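# Examining the three-dimensional arrangement
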Amino acid sequence: QVQLVESGGGLVQPGGSLRLSCVASGFTFHYYVMKWYRQAPGKEREYVAGVTIDGGRKNYGESVKGRFTISRDNVRKTVYLQMRSLKVEDTAVYYCHARYLFHNYWGQGTQVTVSS
C-alpha cells in the first residue's frame, strides 16, 4: 500500500522555523522525484520545492527561495522541508508529492500556521 505521511507541522510565530518530514512506503522511493506543495484557505495549490531522485538538484517556488530547504534521505525513504524565517503568508496545509513517469502520489497534508 502506497503511503506518504507528513509530519512536523504546527503553530509557530513569525520569524520562526519548522521542519516537515514525509515518510514514504509502498513504492520504490529512490525512483521518484519528490516535491512539496502547499494550499492556503481559498487559494490554489502552490508549488513549494522539488528535489531530484539523488538529491543533486533542487528548486523552489519564488515565494520561499532563500528561506526553505528541501532534502531527501533515500535510505530512510524520507523527504524534508526545512522552513526558516516563516511569515504569516506561509500558513497553509503542506503536502508531499511523489512522481515517477505516470505514477503520482500525494500525502494527506500537515497544517502549518504562522501567527503571533
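Residues numbered from 1 in each chain as written. Predicted model: local features only at pLDDT ≥ 70, side-chain atom pairs only at ≥ 80, totals over all residues. Heavy atoms only, no water.

What follows deals with the state of the cysteines. Summed over the entire model, instances satisfying the criterion amount to one disulfide. Residue pairing for Cys22: its cysteine sulfur links by disulfide to Cys96, the two sulfurs lying 2.1 Å apart. Measuring the twist about the S-S bond at about -80 degrees, one finds the Cys22-Cys96 disulfide to be left-handed. Of the two residues, Cys22 sits in strand E3 (residues 18-25) while Cys96 sits in strand E9 (residues 92-100), which places them 74 residues apart along the sequence. (Disulfide = S-S within 2.5 Å. Helix = DSSP H or I, 4+ residues; strand = E, 2+ residues; numbered from the N terminus.)

Our focus in this paragraph is the pattern of salt bridges. Going through the model one piece at a time under the given rule, you end up with five salt bridges. Its salt-bridge partner being Glu46, residue Arg38 comes within 2.8 Å of it at the nearest N-O pair. A salt bridge links Arg38 to Asp90, with the nearest nitrogen and oxygen atoms 2.9 Å apart. Of this pair, Arg38 sits in strand E4 (residues 33-39) while Asp90 sits in the loop between strand E8 (78-83) and E9; the two residues are 52 residues apart in sequence, bridging distant segments of the chain. Asp90 gets classed as buried once you look at its relative accessible area, which sits at 1%. (Salt bridge = Lys/Arg side-chain N within 4 Å of Asp/Glu carboxyl O. Buried < 20%, exposed > 50% of the residue type's maximum accessible area, 1.4 Å probe, protein only.)

For Arg38, a relative accessible area of 5% gives the class buried. At a separation of 3.1 Å, a polar atom in the side chain of Arg38 contacts the side chain of Ser63. Those residues in contact with Arg38, other than ones at most four positions away along the chain, are Glu44, Arg45, Glu46, Val48, Ser63, Val64, Phe68, Glu89, Asp90, Ala92, Val93 and Tyr94. (Polar contact = N/O pair within 3.5 Å; in protein donor to acceptor, adjacent residues only side chain to side chain. Contact = heavy atoms within 4.5 Å.)

For the rest of this paragraph, the subject is the packing of aromatic side chains. One pass over the full model with this rule turns up eight aromatic pairs. Judged by centre distance (5.6 Å) and plane angle (75 degrees), the ring pair of Tyr37 and Tyr47 falls under edge-to-face. Taken together, the residues span a long stretch of sequence, with Tyr37 in strand E4 and Tyr47 in strand E5 (residues 46-51) at a distance of 10 residues. Centre to centre, the rings of Tyr95 and Trp106 are 6.5 Å apart; their planes meet at 85 degrees, and the pair counts as edge-to-face. Of this pair, Tyr95 sits in strand E9 while Trp106 sits in strand E10 (residues 103-106), placing them 11 residues apart in sequence. The structure contains a cluster of three or more aromatic residues connected by ring pairs, namely Phe27, Tyr31, Tyr32, Tyr100 and Tyr105. For the cation-ring pair, Arg45 lies above Tyr95, with the distance from its terminal atom to the ring centre recorded as 4.0 Å. (Phe/Tyr/Trp six-rings, centres within 6.5 Å; stacked < 30°, edge-to-face > 60°. Lys NZ or Arg CZ within 6 Å of the ring centre and 35° of its normal.)

A few words on the pairing of strand E7 (residues 68-73). Relative to E8, E7 is paired through six bridges, and the arrangement is antiparallel. What sits directly across from Ile70, in E8, is Leu81. Count of turn residues in the E7/E8 antiparallel hairpin: four residues, of which Lys77 carries a positive phi of about 55 degrees. (Pairing = 2+ DSSP bridges.)

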